[in-house]
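# Inside the fold
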Amino acid sequence: MKSEDTLDWYPAQLPPVKVILGNAVLEVGRTGRPINTRTLLEYLQLQQTQQKRRDNKIAMQTAIDVLRDNQRVNGRI
């Protein structure tokens, strides 16, 4: 599933996805690593494996899909 499809079907998820991405930027910045798509993806994937039952798993997956789509479209190989 692509992030565009998810955001079209679940527009109410946009605020939680923005919060997840914003928190990821802050946490990656605190570690001193460069803030780019790859480091944000690594951080979110690690957080995804540590999610609890109550966490918003769909919003987390949507945020990861958004970053993957961004990397696919704008990234260099």
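Here's a quick rundown of the structure. (Residues numbered from 1 in each chain as written. Predicted model: local features only at pLDDT ≥ 70, side-chain atom pairs only at ≥ 80, totals over all residues. Heavy atoms only, no water.)

The next thing to look at is the overall build of the protein. Helices and strands together make up the secondary structure of the protein, namely 4 helices and 0 strands. Traced from its N-terminal end to its C-terminal end, the protein shows the element sequence α-α-α-α. Relative to its 77 residues, the protein shows a buried fraction of 27%. Within the protein, contacts between residues separated by at least 24 positions form 51% of all contacts whose residues are at least 6 apart in sequence. (Helix = DSSP H or I, 4+ residues; strand = E, 2+ residues; numbered from the N terminus. Buried < 20%, exposed > 50% of the residue type's maximum accessible area, 1.4 Å probe, protein only. Contact = heavy atoms within 4.5 Å.)

As a further point, take the environment of Gln48. Within the secondary structure, Gln48 sits in helix H3 (residues 37–49). When its relative accessible area of 27% is taken as the criterion, Gln48 is described as partly exposed. Aside from chain neighbours lying at most four places away, what touches Gln48 is Met60, Gln61 and Ile64. A distance of 2.6 Å separates a polar atom in the side chain of Gln48 from a polar atom in the side chain of Gln61. (Polar contact = N/O pair within 3.5 Å; in protein donor to acceptor, adjacent residues only side chain to side chain.)

Quick look at the side chain of Gln51 now. Positionally, Gln51 belongs in the loop between H3 and helix H4 (57–74). We classify Gln51 as buried; its relative accessible area is 17%. Setting aside chain neighbours within four positions, we find Gln51 in contact with Asn56, Lys57 and Met60.

The N-to-C vectors of H3 and H4 enclose an angle of 155 degrees; their axes lie 10 Å apart at closest approach. One way to sum up the angle between H3 and H4 is to call them roughly antiparallel. The handedness of the crossing between H3 and H4 is left-handed. Facing Thr37, Arg38, Leu40, Leu41, Leu44, Gln45, Gln47 and Gln48 of H3, the residues of H4 in contact are Met60, Gln61, Ala63, Ile64, Leu67, Arg68, Asn70 and Gln71. When grouped by side-chain class, the residues that make up the contact of H3 with H4 number 7 nonpolar, 7 polar and 2 charged. (Axes fitted to C-alpha atoms, helices over the stretch in contact; angles between N-to-C directions. Parallel < 35°, antiparallel > 145°, perpendicular 65-115°, else oblique. Left-handed = near helix turned anticlockwise from the far one by under 90°. Nonpolar A, V, L, I, M, F, W, Y, C, P; charged D, E, K, R; others polar.)

By the secondary structure assignment, Ile35 is in the loop between helix H2 (14–31) and H3. Ile35 sits 10 residues away from Val25 along the chain, and the two C-alpha atoms are 6.6 Å apart. Those residues within four positions of Ile35 in sequence are excluded, and the remaining contacts are Val25, Val28, Gly29 and Leu40.

This next bit is on H2. With 18 residues, H2 should cover 26 Å at 1.5 Å per step; its first-to-last C-alpha distance of 26 Å lies within 8% of that length. Buried residues of H2: Val17, Ile20, Ala24 and Val28, and no others. Down the axis of H2, the buried set is contained in an arc of 60 degrees. They therefore lie on one face. Seen from the buried face of H2, the exposed residues on the opposite side, beyond 90 degrees, are Lys18 and Arg30. Just downstream of H2 lies Gly32, where phi reads positive at about 90 degrees. (Expected span 1.5 Å × (residues − 1). Arc of directions from axis to C-beta.)

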